[in-house]
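Chains, contacts and geometry: an overview
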Amino acid sequence: MKRVQTPNLLPILALASFFIRLGGSISIRPVLTGPVMAYLGSRVALRCIAPNSSLPVTYELMGGDGVLMATVADLKGEQPASFYLKVTVALEGSYRCRATTGGSKAVSNSIKLTVVTPASNTRVTSQPYPPVAYEGSCIELTCSTTKGSHLSYTWFLNKKEVTSSPSPLFHHTGNKLVMGKVTPEHAGYYSCMAWSNVQDTRRFSSSFEVKVTVKVYVSKPRISFSISNPGASPSGNVTCWSTRGSPPVNISLLLDDKEVGSVTATESLAAWFSIAVVPGLDMGTVRCRVNTEVQKLMSEPLTLEVVPVGGDVKVEVEYLYRADSKLTAARLSCGVSRGTFPEYAWLLNDSVLPPETQRDSHIQPDPPHYALTDHRRILVLTKVGPEESGYYRCRARDSYNDSGHWVESEAVQVQVTDRILNCMPEATSSTETPSKVFMNTIEILTIAFCCFHFVTLAVALGCIYKMFDQNPDHDQVAIIGFDTLPLSASTSSEQDGPLSRDLVVQNQTVETTI
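Criteria and thresholds
Every chain begins its residue count from 1, and numbering advances along the sequence as written. Predicted model: local features are reported for residues with pLDDT of at least 70 only, side-chain atom pairs are reported and counted for 80 or more only, and whole-chain, interface and lining totals are derived from all residues. Heavy atoms throughout the structure, all of them, feed into the side-chain values; hydrogens and water do not. A strand pair is defined by DSSP finding two or more bridges across the two strands. Working definition: helices are DSSP H or I runs of at least four residues, strands are E runs of at least two. Numbering for both runs from the N terminus. Count a disulfide wherever a pair of cysteine sulfur atoms falls within 2.5 Å. Burial classes follow relative accessibility: with a 1.4 Å probe on protein chains only, a residue under 20% of its type's maximum area counts as buried, one over 50% as exposed, and anything between as partly exposed. In what follows, salt bridge is the name for a side-chain nitrogen of Lys or Arg lying within 4 Å of a carboxyl oxygen of Asp or Glu. Throughout, a residue-residue contact means that at least one pair of heavy atoms, one from each residue, lies within 4.5 Å. Here the nonpolar core consists of buried residues drawn from Ala, Val, Leu, Ile, Met, Phe, Trp, Tyr and Cys, with membership extended through side-chain atoms lying within 4.5 Å.

**Examining the pairing of strand E7 (residues 93-101)**
Regular strands place their side chains on alternate faces of the sheet. Where strand E4 (residues 57-63) and E7 come together, seven bridges link them in antiparallel fashion. Along E7, the bridge assignment pairs Thr 58 with Thr 100. Inspection of the sheet shows E7 paired to strand E9 (residues 111-116) by three bridges, in the antiparallel sense. The residue of E9 that forms the bridge with Gly 93 is Leu 113. Summarising the sheet, E7 and strand E8 (residues 104-107) pair through four bridges and their orientation is antiparallel. Looking at the pairing, Thr 100 lines up with Lys 105 of E8. Remark: two residues form the turn of the hairpin made by E7 and E8, two consecutive strands paired antiparallel; Gly 102 in that turn has positive phi of roughly 60°.

Structure follows, in structure tokens:
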């Protein structure tokens, strides 16, 4: 009987078991999930799962240095292991998960956890301190916190967000706001907000407002002088002021380079000083001085002398025309030869115009056809017609002496007729006076005299020509005629108004017989 040989299956089974174990270890691929940033003091969850792994599965959470932190067993399958941690500063770092099933082990991916400290006690500091600087200087503001990490910063000016500019003169970088050359527009109340953002959760801390002051350099002071008569003797008032600058400033008055008064102006840039004056006497030279912590300026000198009103008083009349050559207004100005503080008054046909009760220094017509300007020195006839014609005079006296003597001008006649209203040539400027528009009598006579000499010279030349003629026996009569263009002009008269008389030189003919 033949023996049947059975093959040995033990090596095959051992090899199969090896491959099965090898395949099982390869299939374990744990995955660790969780946040990468977390606020200090909050709680986070790290979850680890090894899909398609055989039960039971043991998950271990390990720190970056390989230290075991927690262990969770999965007995149901396909259930992630959750590791709950309270975030502290020491927890910041990298984490991994190790999964073990049967005899197989595998390590997950790494997660780096960043601990974010919320901002607290935010405040604004400045350089210089306090934040006060003159225009053109540099101011740097810093948003500081006692605690906080991974912070962003937002600046506010007068509660409105400040946007950064590419210009190096005004930009913010990091926690600093830099103003390279400040202007008055940069002044105001500044505040900042420090904030951080984790998983769409923003935490912030805001500062109190800090006032930034930008001072303006004081301009060169000006000086003026006025006089009043509150009592028996006149008193001088000197005003010192600057047109721009930031108070407070110290304003002093110097008389012949000696300080006679000083004021610290805190609300404005002006100061007033009283000083005794004697009319007709030179009291010296006054100047204003303005001092700040960085400036010292002086005004132009002013002679402190009150010259009484006196001398000649004259009235000048100027007629004003529209673009269509229609007379529309007359301007009368009063000039006095001397006087520091003259007061003016106008009279029409010996009646004060306008009434003395109206002593404004600016335009205020009363009645409507009259207006006064330049401290009543100029009288404007806003309506020009025959009813405004008459004799005008102005008078002047010292404004500080209500009982002073008036110095009067001669009467000047302003007589407007219909002919004057429409007689201006189109090519004449509308601001020229009638004396500039039409020739006067002297000019006409001068032109006529020149024409006569021209005719005489022509006759003489004709005589000389006849003397050298080739036919001296032939007597003839030379008649030389010159037709001159008509020259028209007008002169003022009391009947027809100014510039109404015409002088004409026409067709002068001279006969000479040789």
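After that view of the structure, there is still more to cover.
**Things to note about the state of the cysteines**
Tallied over the entire structure, the rule returns four disulfides. Residue pairing for Cys 240: its cysteine sulfur links by disulfide to Cys 288, the two sulfurs lying 1.8 Å apart. Judged by the sign of its S-S torsion, about -70°, the cystine formed by Cys 240 and Cys 288 is left-handed. Linking Cys 240 in strand E21 (residues 235-241) with Cys 288 in strand E25 (residues 282-291), this pair joins segments that are 48 residues apart in sequence. Overall, Cys 240 belongs to the buried group, its relative accessible area being 0%. The class for Cys 288 is buried, based on a relative accessible area of 0%. The residue that forms a disulfide with Cys 334 is Cys 394, at a sulfur-sulfur distance of 2.0 Å. Here Cys 334 and Cys 394 share a disulfide; its torsion about the S-S bond, 65°, makes the bridge right-handed. Separated by 60 residues along the polypeptide, Cys 334 in strand E29 (residues 327-338) and Cys 394 in strand E34 (residues 390-398) bring together distant segments of the chain.

**Regarding the pattern of salt bridges**
Applying the stated criterion across every chain, the model contains 14 salt bridges. As a salt-bridge pair, Arg 98 and Glu 60 come within 2.7 Å of each other at their nearest N and O atoms. In this pair, Arg 98 is assigned in strand E7 and Glu 60 in strand E4, connecting sequence segments 38 residues apart. Its relative accessible area of 27% is what places Arg 98 among the partly exposed residues. The buried category is assigned to Glu 60, whose relative accessible area is 15%. Taking the shortest distance from any N to any O, the salt bridge between Lys 159 and Glu 209 comes out at 3.4 Å. Here Glu 209 lies in the loop between strand E18 (201-206) and strand E19 (210-215) and Lys 159 lies in the loop between strand E13 (152-157) and strand E14 (160-161), a separation of 50 residues in the sequence.

**Here's the deal with unusual backbone geometry**
Only a minority of non-glycine residues have a phi that is not negative, and only a minority of peptide bonds are not trans. The omega torsion of the bond from Leu 55 to Pro 56 falls at -15°, within 30 degrees of zero and hence cis. Along the chain, the position of Pro 56 falls in the loop between strand E3 (43-49) and E4. The linkage connecting Tyr 129 with the following residue, Pro 130, adopts the cis geometry, with an omega of -5°. Tracing the sequence through the fold places Pro 130 in the loop between strand E10 (123-127) and strand E11 (132-134). The phi dihedral of Asn 121 is positive, around 55°, even though this residue is not glycine. Mapped onto the elements of the fold, Asn 121 is located in the loop between E9 and E10. Take Asn 121: its relative accessible area is 53%, and that puts it in the exposed class.

**Thoughts on the environment of Val 124**
Its location among the elements puts Val 124 in strand E10. Between the C-alpha atom of Val 124 and that of Glu 209, which follows or precedes it by 85 residues, the distance is 7.8 Å. Once residues lying within four places of it in the same chain are set aside, the contact partners of Val 124 are Leu 141, Thr 142, Trp 155, Ser 191, Cys 192, Ser 207, Phe 208 and Val 210.

**Things to note about the nonpolar core**
Of all hydrophobic cores here, the largest spans 25 residues; its most connected members are Leu 332, Trp 346, Tyr 370, Leu 379, Leu 381, Tyr 392 and Val 414. Contributions of two or more residues to this core are made by strand E28 (310-321), E29, strand E30 (342-348), strand E32 (370-373), strand E33 (378-381) and E34. Among the elements that take part in this core, E29 stands out by supplying five residues, more than any other. Ranked by size, the runner-up nonpolar core spans 23 residues in total, among them Ile 251, Ala 265, Val 290 and Val 306.

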